Amino acid sequence: GAVVSQHPSRVICKSGTSVKIECRSLDFQATTMFWYRQFPKQSLMLMATSNEGSKATYEQGVEKDKFLINHASLTLSTLTVTSAHPEDSSFYICSARDWGTGQGLREQYFGPGTRLTVT
Amino acid sequence: KQEVTQIPAALSVPEGENLVLNCSFTDSAIYNLQWFRQDPGKGLTSLLLIQSSQREQTSGRLNASLDKSSGRSTLYIAASQPGDSATYLCAVAEGAQKLVFGQGTRLTINP
């Protein structure tokens with residue numbers, strides 16, 4: 001099955017620094033990747049949709065200047081949390097959609113997540 | 001705005017029982033519905049995907065149904081095992097891109 005990886009799996013950083021999280025589709029090409037965040041014991045909230053070669057589309061209430069998304073290739077999207085603060089501490093999960101089979105809308109494949117702790 | 005609700009929020013049952021998890025959504029104009037499993041501190045594992053034109057999907061001991069007109073889906077787990085303990089999330093695909101998730105049901109299977 002399709003595999004999506006994330007790196008790092010855990011990161012601890014100091015307040016005010018920036019952190020980059022990578023999301024890779026390992027065995028398929030993903031024209032679209034999604035970034036979610038999940039607070040403890042809560043569900044996933046979509047932050048932004050990332051399309052290869054174009055600007056990301058952010059959900060209402062998500063600061064695009066704080067959460068920078070780059071989708072430079074068909075297998076890699078990055079999320080950079082700029083000037084991180086303790087309230088940015090969360091579990092960040094990416095997903096990727098495989099359009100390669102020509103069957104139209106298919107399921108999203110999720111990465112294992114990145115636990116960000118800002119001290 | 002699409003809202004997805006899962007009931008119950010938590011469920012604890014003895015091993016071997018059959019159980020049903022419920023998911024409801026407010027807008028029936030969906031592309032598909034997916035059930036996921038999430039273990040503590042981990043990402044999501046896709047269990048079943050039901051296209052909007054389908055009524056149910058089965059995989060092993062799992063069976064998911066979809067009733068679009070009433071905005072409901074159920075996940076049936078047969079002969080539950082301790083390894084089934086996890087949080088189960090349902091999500092509806094809204095439009096061509098967006099997944100809207102429910103809050104999840106935290107399932108505990110007691111040996």
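Residues numbered from 1 in each chain as written. Chains lettered and ligands numbered in written order. Predicted model: local features only at pLDDT ≥ 70, side-chain atom pairs only at ≥ 80, totals over all residues. Heavy atoms only, no water.

Draft legend 1. Here's a closer look at the side chain of A:Thr82. All names here are of chain A. Inspection of the secondary structure assignment puts Thr82 in the loop between strand E8 (76-81) and strand E9 (90-98). With a relative accessible area of 18%, Thr82 lands in the buried category. For Thr82, the side chain forms a polar contact with the main-chain oxygen of Asp65, separated by 3.2 Å. When sequence neighbours within four positions are dropped, the list of residues in contact with Thr82 reads Thr17, Ser18, Asp65, Lys66 and Leu68. (Helix = DSSP H or I, 4+ residues; strand = E, 2+ residues; numbered from the N terminus. Buried < 20%, exposed > 50% of the residue type's maximum accessible area, 1.4 Å probe, protein only. Polar contact = N/O pair within 3.5 Å; in protein donor to acceptor, adjacent residues only side chain to side chain. Contact = heavy atoms within 4.5 Å.)

Draft legend 2. Local environment of the sheet that holds strand E3 (residues 19-25) of chain A. All names here are of chain A. On the basis of which strands lie adjacent, the open sheet formed by four strands has the order E1-E3-E8-E7 and antiparallel pairing. For this open sheet the edge positions go to strand E1 (4-7) and strand E7 (67-73), each flanked by a neighbour on one side alone. When strand polarity is set aside, the average angle formed by the axes of neighbouring strands in this sheet is 15°. Where E1 lies against E3, four bridges are found, and the strand directions are antiparallel. What sits directly across from Gln6, in E3, is Cys23. (Pairing = 2+ DSSP bridges. Axes fitted to C-alpha atoms, helices over the stretch in contact; angles between N-to-C directions.)

Draft legend 3. Inspection of the layout of surface pockets at higher detail. Within this model, the largest pocket holds a volume of roughly 620 Å³. As for the largest pocket, its lining consists of 27 residues, and the residues nearest its centre are A:Met45, A:Leu46, A:Glu59, B:Lys1 and B:Lys98. Only strand E5 (44-51) of chain A together with strand E10 (98-101) of chain B provide two or more residues apiece to the lining of the largest pocket. Among the residues forming the lining of the largest pocket, the class breakdown is 11 nonpolar, seven polar and nine charged. Its volume calculated, the second largest pocket comes out at about 480 Å³. Looking at the second largest pocket, it is lined by 21 residues, and the ones nearest its centre are A:Gln38, A:Lys41, A:Gln42, B:Gln38 and B:Thr87. Elements with a minimum of two residues in the lining of the second largest pocket: strand E9 (86-94) and strand E11 (105-110) of chain B. Tallying contributions element by element places E9(B) first for the lining of the second largest pocket, with three residues. Looking at the lining of the second largest pocket residue by residue, the classes come out as seven nonpolar, nine polar and five charged. (1 Å grid on protein atoms, 1.4 Å probe; cavity = no way out; pocket = protein on both sides within 12 Å on 5 of 7 lines; lining within 4 Å. Points joined across faces, edges and corners; volume = space filled by probe spheres on them. Nonpolar A, V, L, I, M, F, W, Y, C, P; charged D, E, K, R; others polar.)

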